[in-house]
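# Examination of the molecular architecture
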Amino acid sequence: MSTPVIGVLALQGDVREHLIALAAADAVARAVRRPEELAEVDGLVIPGGESTTISKLAHLFGMMEPLRARVREGMPVYGTCAGMIMLADKILDPRSGQETIGGMDMIVRRNAFGRQNESFEAAVDVAGVEGDPVEGVFIRAPWVESVGAQAEVLATHEGHIVAVRQGNALATSFHPELTGDHRVHGLFVDMVRANRTPGS
């Protein structure tokens, strides 16, 4: 079977690190900034950064509605940190005018783990990732306040939800792309591969 083509939304954030992690997890990785580039990928990563900025730039580049349409159609999507916020159906404390792509039945709290100077690393057990815990890098990280019936909690940290899957959508509060451990990206690549396989 051909190698899946996975885009990284390249409007703002740590795009390069995700491109490297996806390539290490046996995907063809491409930066995506425009609707025509989005149309050519099998799945998409929404990186960390600043969720309000990503929201504004998505509108500016004409990407918001195409993103929402692809997610509704079932395109596999993975959001880290700000990307998790972008995939939430509801933000508990949105900035004025802030919008999300949505697609995951969860309520997210922005900057829940504290400000930039309160960033930290922690070992996180992620369901579906074999072996040792994942080293989670939390930078101004959100957490998930609650999930709906269709969403599956994959990981918690200190009682807070930090990884969720719903169908073809995956989201983590932390940044696995910054650690050199590509197992979470491997999980997402497997999701994309399964979505491309008839009858899987």
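Structure first, text after, so check above.
Right, let's walk through the structure included here. Here the residue index of a chain counts from 1 through its sequence in written order. Owing to the predicted nature of the model, reporting of local features is limited to residues with pLDDT of at least 70; listing and counting of side-chain atom pairs is limited to 80 or more, with chain, interface and lining totals taken over all residues. Side-chain metrics rest on all non-hydrogen atoms present in the structure, leaving aside hydrogens and water.

This part is about helix α4 (residues 64–72). For α4, the set of buried residues is M64, L67, R68, R70 and V71. Here the buried residues of α4 occupy an arc of 165° about the axis, which is enough to place them on one side. Looking at the buried positions of α4, the neighbouring elements they touch are β1 (5–9), α2 (35–38), β3 (43–46), α3 (51–60), β4 (77–80) and α5 (82–87). By definition, any uninterrupted DSSP run of H or I lasting at least four residues is a helix, any uninterrupted run of E lasting at least two residues is a strand, and each is numbered from the N terminus. Following α4 by one or two positions, G74 has its phi on the positive side, about 100°. The buried label goes to any residue with under 20% of its type's maximum accessible area, the exposed label to any with over 50%, and the partly exposed label to all in between, with areas taken from a 1.4 Å probe on protein chains only. Along the arc lie the directions from the helix axis toward the C-beta atoms. By the convention used here, residues are in contact when the closest approach between their heavy atoms is within 4.5 Å.

The next point concerns the nonpolar core. For the purposes of this section, nonpolar cores are sets of buried Ala, Val, Leu, Ile, Met, Phe, Trp, Tyr and Cys residues that join through side-chain atoms within 4.5 Å. Among the nonpolar cores identified, the biggest contains 33 residues, and L9, L38, L44, I46 and M106 are the most heavily contacted of them. In terms of residues, this core owes the most to one element, α5, which gives five residues. Those residues in contact with L38 that sit more than four places away from it in its chain are V32, L44, M63, P66, L67, R70 and M75. A10, L170, F174 and L187 belong to the second largest nonpolar core, which has 31 residues in total.

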